[in-house]
Amino acid sequence: MKNKTVGSIKTGDLGALRKRNKELILHTLSKRSMPAVELQGVTGLSKTGCWTIIEDLVQNGILYKTEVETGTKGRPPQYLKISEKCGLVAVIKFTEAKAGLYTLGGDTVCEKIFNVNDVVTPQIIEDICRYLSDELQKRGIALLNMCIAVPGLVDKNSGELIYAPYFQDFETLNLKLLFERRFHTDVYVKNDLKFSLLAEKNHSPLGEKIHDTLYIQLGSGIGSSLYLDGKLYEGARGLSGEIGRFHLDYDSDSYGEVYVKYGSYHHLLELAKERLAAGQQSILSKIDVEGLKIEDIARGYRAGDRLCCDLFEFHARITAKVIQSCGVIIDFNNVIIAKHDDVFDDSYIEMLSRFVNAYTGYSKKEVVFSQYKGDEVTRGALDFAIENAISKI
């Protein structure tokens, strides 16, 4: 059946426009609650159009109004919030085995962290399933979708774990299928750093600068994610940005000759032990070599210890080489280093930036620490879950 025409606009176009405006309102309120007048100004919608959609959403139980005390005289303003009655989203962060339910307004309904010793076992996964099932049944509210953050390589299409040693028997584990069958909802499984980058984009002071960006986590493991042409870039299977697997020795077929071998905390500790055993003097000499920690090297670096400074310079140079090689192919403008501990400080970032721009030459790149404060993985996964849920309301 053809669309009817009202004035110069087809009714089908009006329906699509109304749906877009409704999603705009919900996306705006998913970031924070606000009065209707402010919502109209933020969205840029006409007064009539905005208020009509608001009243429709309120009548359908998707939005509700609540008074917020401001400390001034007169009636408190009414703020609009997304109701949990329209459905919840679930987020599971396997980096620390944390699971929770959240409203589309970003409020926490429930959260729990499960004890993990060395690896995530089938029993821990079962415990998470039972916890979420019990909480949903208790509230009698629909689950709209689920986002799962995984520390490792995961195929975004099939949900297969390609390399995820944090999970017991990961070769036979498919988290997407497992949770879809258990909860009968859409399940999105991604590497945790992809969600971290979304949180940085949506909620940190660096957000406006993130357009063509490489986001890197340095630590016990090495990982990264990419934001290209104004959106998260995942690649055909969701495996983009895995610089930890970047080969440094092109004359070797060895799987071990990759950046993660040289750029991890473990390698810095091994280098320190080797040099101490060879007799190099250092403030680290006072520490039992078997109890040596990466924080000890970091303190030595800040104190100007020659051995520790050499180790950090080695790390910065090799990291800069990998960034430079990636930049030649991808052409990003800036690099964000995830700051999840106190090992690397501003002086390290300055050194890394010097090496990056010395190696890239014609294409200068800004290198900075991340600025999102809080659990960036859960926040980014929640953003992704909310965005997908709103498009289906």
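Because the structure is a prediction, the values reported are computed rather than measured.

What counts, and at which threshold
Residues numbered from 1 in each chain as written. Predicted model: local features only at pLDDT ≥ 70, side-chain atom pairs only at ≥ 80, totals over all residues. Heavy atoms only, no water. Helix = DSSP H or I, 4+ residues; strand = E, 2+ residues; numbered from the N terminus. Buried < 20%, exposed > 50% of the residue type's maximum accessible area, 1.4 Å probe, protein only. Contact = heavy atoms within 4.5 Å. Areas by Shrake-Rupley, 256 points an atom, 1.4 Å probe, with all protein chains shown as cover. Lys, Arg positive; Asp, Glu negative; His and termini not counted. Charge placed at Lys NZ, Arg CZ, Asp CG, Glu CD. Pairing = 2+ DSSP bridges. Axes fitted to C-alpha atoms, helices over the stretch in contact; angles between N-to-C directions. Salt bridge = Lys/Arg side-chain N within 4 Å of Asp/Glu carboxyl O. Expected span 1.5 Å × (residues − 1). Polar contact = N/O pair within 3.5 Å; in protein donor to acceptor, adjacent residues only side chain to side chain. Phe/Tyr/Trp six-rings, centres within 6.5 Å; stacked < 30°, edge-to-face > 60°. Lys NZ or Arg CZ within 6 Å of the ring centre and 35° of its normal. Parallel < 35°, antiparallel > 145°, perpendicular 65-115°, else oblique. Nonpolar A, V, L, I, M, F, W, Y, C, P; charged D, E, K, R; others polar.

Asks: So what about the overall build of the chain? Which residues, and what values?
Replies: Counting its secondary structure elements, the chain contains 12 helices and 17 strands. Principal-axis analysis of the C-alpha atoms gives the chain an extent of 80 × 55 × 50 Å. Looking at the 393 residues of the chain, the share that counts as buried comes to 50%. A sequence separation of at least 24 residues applies to 62% of the contacts in the chain between residues at least 6 apart. When the accessible surface of the chain is summed, it comes to about 19700 Å², and 49% of that surface belongs to carbon and sulfur atoms. Taking the 49 positively charged and 53 negatively charged side chains of the chain as two groups, their mean positions are separated by 8 Å.

Asks: For the sheet that holds strand S12 (residues 186–191), give the residues involved together with the corresponding values.
Replies: The mixed open sheet is built from 5 strands, whose spatial order is S8-S7-S6-S9-S12. The sheet is open, and its two edges are formed by strand S8 (108–113) and S12, each paired on a single side. Geometrically, the sheet is characterised by an average inter-axis angle of 15° between neighbouring strands, direction not taken into account. Pairing between strand S6 (residues 88–93) and strand S7 (residues 98–102): 5 bridges, direction antiparallel. Residue pairing across strands places Ala 90 opposite Leu 101, the latter belonging to S7. The strands touched by helix H6 (residues 192–203) within the sheet are strand S9 (143–150) and S12, with S12 carrying the most contacts at an inclination of about 95°.

Asks: With reference to specific residues and values, describe the pattern of salt bridges.
Replies: Overall, the coordinates contain 24 salt bridges when judged by the stated rule. For Glu 55, the salt bridge goes to Lys 65, with nearest N and O atoms at 3.1 Å. Pair noted here: Glu 55 is in helix H3 (residues 47–59) and Lys 65 is in strand S4 (residues 63–67), with a separation of 10 residues, a long-range link. Classification of Lys 65 by relative accessible area gives partly exposed; the value is 36%. Through salt bridges with shared partners, a single ionic network connects Lys 93, Glu 96, Lys 98, Glu 111 and Asp 375.

Asks: Outline helix H10 (residues 306–330), listing residues and values.
Replies: For H10, which comprises 25 residues, the first-to-last C-alpha distance of 36 Å matches the rise-based estimate of 36 Å (1.5 Å per residue) to within 8%. Two or three places before Leu 307, at the start of H10, stands the capping residue Asp 305, its side-chain oxygen 3.3 Å from that residue's backbone nitrogen. At the C-terminal side of H10, Asp 331 shows a positive phi close to 60°.

Asks: Quick rundown of the packing of aromatic side chains? Include the residues and the values.
Replies: Scanning all chains against the criterion turns up 13 aromatic pairs. Ring centres 5.2 Å apart and planes at 75° place the aromatic pair Tyr 188 and Phe 384 in the edge-to-face group. Taken together, the positions of Tyr 188 in strand S12 and Phe 384 in helix H12 (residues 376–390) put the pair 196 residues apart, joining distant regions of the chain. Classification of Phe 384 by relative accessible area gives buried; the value is 17%. Taken together, the ring pairs in this structure connect Tyr 265, Tyr 301, Phe 312, Phe 344 and Tyr 348 into an aromatic cluster. Over the face of the ring belonging to Phe 369 we find Lys 339, whose NZ or CZ atom lies 4.5 Å from the ring centre. Lying over the aromatic face of Phe 332, Lys 365 brings its terminal NZ or CZ to 4.8 Å of the ring centre.

Asks: Now, about the pairing of S12: what can you tell me, with residues and values included?
Replies: In summary, the side chains of a regular strand alternate between the two faces of the sheet. The buried count for S12 comes to 5 of 6 residues, which makes it a mostly enclosed element. The pairing of S9 with S12 spans 6 bridges and is classified as parallel. Across the sheet, residue Cys 147 finds its bridge partner in S12, namely Tyr 188.

Asks: Help me get a handle on the environment of Phe 332, residues and values and all.
Replies: Take Phe 332: it is sitting in the loop between H10 and strand S16 (334–338). A residue is classified by how much of its surface remains accessible, and Phe 332, at 0% relative accessible area, is buried. Through-space distance from the C-alpha of Phe 332 to that of Ala 303 is 34 Å; in sequence the pair is 29 residues apart. With near-sequence residues (within four places) excluded, Phe 332 lies in contact with Asp 212, Thr 213, Leu 214, Ile 323, Cys 326, Gly 327 and Lys 365.

Asks: Would you mind going over the packing of helix H9 (residues 294–302) against H10 in detail, with residue names and values included?
Replies: It is the contact of H9 with H10, at a shortest axis distance of 7 Å, that shows an interaxial angle of 105°. In terms of their interaxial angle, H9 and H10 are classed as roughly perpendicular. Contact residues: Ile 297, Ala 298, Gly 300 and Tyr 301 in H9; Cys 308, Cys 309, Leu 311 and Phe 312 in H10. Residues belonging to the contact of H9 with H10 are distributed by class as follows: 7 nonpolar, 1 polar and no charged.

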